[in-house]
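# Geometric and topological summary
What follows is the residue order along each chain.
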Amino acid sequence: MALVGIVPTAIVFVLASTIDPNYGWLLFVTLPIAVFFGAVALVLGIIGIVLARADRGGYAWPIVGVVLGVVQLLPAAAFLG
């Protein structure tokens, strides 16, 4: 879930830095998508940690989801802060 928000933003950064700087305007489209999917990944990661604790399973993927969700929410926090 977290990669759905990261991949389009990464593609725009690559396009803007290598091909044409005018592709930077696409960040206005991809950043809200990244923030939305980051929030979803954060919530699902927290749910995964709770379920992993109850199942006594592995914590690796839920923690990765939480970290990626927080990283995706950083642009919104920087913009609003």
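Below you will find a few notes about this structure. Since this is a predicted model, take the numbers as computed values, not measurements.

Looking only at helices and strands, one finds three helices and zero strands in the chain. Relative to a compact globule of 81 residues, whose C-alpha radius of gyration would be 12 Å, the chain shows 15 Å and is clearly more extended. With the principal axes as the frame, the chain shows a C-alpha extent of 50 × 25 × 15 Å. Out of the 81 residues belonging to the chain, those deemed buried represent 20%. Taking all contacts inside the chain whose residues are at least 6 apart in sequence as the whole, residues at least 24 apart take part in 56%. By element, 79% of the accessible surface of the chain is carried by carbon and sulfur atoms, the whole surface being about 5,600 Å².

The next subject is helix 2 (residues 27-55). Across its 29 residues, helix 2 extends 40 Å between first and last C-alpha, which sits within 8% of the 42 Å expected from 1.5 Å per residue. Elements that come into contact with the buried residues of helix 2 comprise helix 1 (2-18) and helix 3 (60-80). Backbone geometry just downstream of helix 2 places Arg56 in the positive-phi region, at approximately 60 degrees.

On inspection of all chains with the given rule, the structure shows one aromatic pair. Arranged with centres 5.3 Å apart and planes meeting at 70 degrees, the rings of Phe36 and Phe37 form a pair that is edge-to-face.

Relative to the helices and strands, Tyr23 is located in the loop between helix 1 and helix 2. Relative accessible area serves as the criterion here: at 33%, Tyr23 is assigned to the partly exposed category. Ignoring any residue separated from it by four or fewer positions in sequence, one finds Tyr23 in contact with Val12, Leu15 and Ala16.

Helix length check: helix 1 (17 residues) gives 25 Å between terminal C-alpha atoms against 24 Å at 1.5 Å per residue, within 8%. Within the span of helix 1, buried status applies to Ala2, Gly5, Thr9 and Val12. What you see down the axis of helix 1 is that its buried residues fit within an arc of 125 degrees, all on one side. More than 90 degrees from the buried face of helix 1, the exposed residues found are Leu3 and Thr18. In this structure, the buried residues of helix 1 make contact with helix 2 and helix 3.

Thresholds applied
Residues numbered from 1 in each chain as written. Predicted model: local features only at pLDDT ≥ 70, side-chain atom pairs only at ≥ 80, totals over all residues. Heavy atoms only, no water. Helix = DSSP H or I, 4+ residues; strand = E, 2+ residues; numbered from the N terminus. Rg over C-alpha atoms; globule rule 2.2 N^0.38 Å. Buried < 20%, exposed > 50% of the residue type's maximum accessible area, 1.4 Å probe, protein only. Contact = heavy atoms within 4.5 Å. Areas by Shrake-Rupley, 256 points an atom, 1.4 Å probe, with all protein chains shown as cover. Expected span 1.5 Å × (residues − 1). Phe/Tyr/Trp six-rings, centres within 6.5 Å; stacked < 30°, edge-to-face > 60°. Arc of directions from axis to C-beta.

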